[in-house]
Amino acid sequence: MKITRNQKREAELMARIQPGRLEGVHLTAVLGCLRKAQYDLTAPKPVTDRMKLYWLCGNSFQDSFLERNDQCLEIKIDTKYGQKTIVCTPDSIEERAEFKSVRTSIRGHIKEDYFRQMIMYCICIGLDEFNLDQLHIASPYFKIKDAPPYVPDDEKAPVLLCYHITEITEDDKQEVWDYVETRGQMLFEAVEEGYPAPKDEGWQCKECQYFIDCELCEGDF
Ligand code: SF4
């Protein structure tokens, strides 16, 4: 018997992983790095293979639980260049749920942008509660200290943590709306005027397909 690595097949399988990207500007793009969102709109490049594999984990997680939601919600914001649209698709409107697969530690805080995303969904749908179902695909590679009791005492297993976000007030909604509107205006205006949108350097940079372009790009706010 002979076993060899089949890189041709690896490439074929990788080519089958498609992002299923929405047309237009997505809410997650506005909440993430605006510079990256600008590149996606004006000079898109294919994502890295590793990023595709992360997508695969996330999509498989979501597909294990429910049919994909194809209802696209629209957020209209006013900019110097007229009204613009930001689109979003909650994973399940019926279950009021968003699924996330993350690489972060279960000890870490939930990303604030996830709460903002849920609150924007609530604004669009007219709700004041939402579920955030978060799969930590390989997070706790270290000893868990001060962990809440629902965290299993296991250092390497994936962990599913579900959060029910309730008591969302009108003030919470207004604050998030203003935040999204301001960031949307910054993005659309940077695209229209052709200057680089602000960077949000952080966790996204590691797998960013625009890393070199971004490093070489002169000019920032
Ligand atoms: S490298 Fe980082 S800062 Fe630059 S565009 Fe990508 S995510 Fe944004």
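Residues numbered from 1 in each chain as written. Predicted model: local features only at pLDDT ≥ 70, side-chain atom pairs only at ≥ 80, totals over all residues.

## Topic: the sheet that holds strand β2 (residues 73-79)
Now for step 1: The mixed open sheet is built from three strands, whose spatial order is β1-β3-β2. Because the sheet does not close on itself, it has two edges, and the strands there are β1 (25-26) and β2.
Now for step 2: Two strands pair when backbone bridges link them, and β2 and strand β3 (residues 82-88) are joined in this way by seven bridges, in the antiparallel orientation. Directly across from Ile75, in β3, lies its bridge partner Ile86. (Pairing = 2+ DSSP bridges. Helix = DSSP H or I, 4+ residues; strand = E, 2+ residues; numbered from the N terminus.)

## Some thoughts on the site of the ligand
Now for step 1: By nearness alone, every residue bordering the ligand is listed as Cys33, Arg35, Lys36, Lys199, Asp200, Glu201, Gln204, Cys205, Cys208, Tyr210, Phe211 and Cys214.
Now for step 2: Of all the elements in the fold, those that place two or more residues in the shell around the ligand are α3 (34-42) and α7 (211-216).
Now for step 3: Looking at the shell around the ligand residue by residue, the classes come out as six nonpolar, one polar and five charged. (Near = placed C-beta within 6 Å. Nonpolar A, V, L, I, M, F, W, Y, C, P; charged D, E, K, R; others polar.)

## Here we look at the confidence of the model for the protein chain
Now for step 1: For the protein chain, the mean per-residue pLDDT works out to 86, and 86% of the residues sit at or above 70.
Now for step 2: In the predicted structure, residues 140-144 sits below a pLDDT of 50 and forms eleven contacts with residues beyond four places in sequence or in another chain. (pLDDT = per-residue confidence, 0-100. Contact = placed C-beta atoms within 7 Å.)

## Here's the deal with unusual backbone geometry
Now for step 1: Despite not being glycine, Arg96 shows a phi value in the positive range, around 50 degrees.
Now for step 2: With respect to the secondary-structure elements, Arg96 resides in the loop between β3 and β4 (97-102).
Now for step 3: Overall, the presence of 18 C-beta atoms within 10 Å leaves Arg96 in the partly exposed class.
Now for step 4: In this structure, Glu167 takes a positive phi of about 55 degrees despite not being glycine.
Now for step 5: Summarising the element assignment, Glu167 is placed in the loop between β6 (159-165) and α6 (170-193). (Buried ≥ 20, exposed ≤ 12 C-beta atoms within 10 Å, placed from the backbone.)

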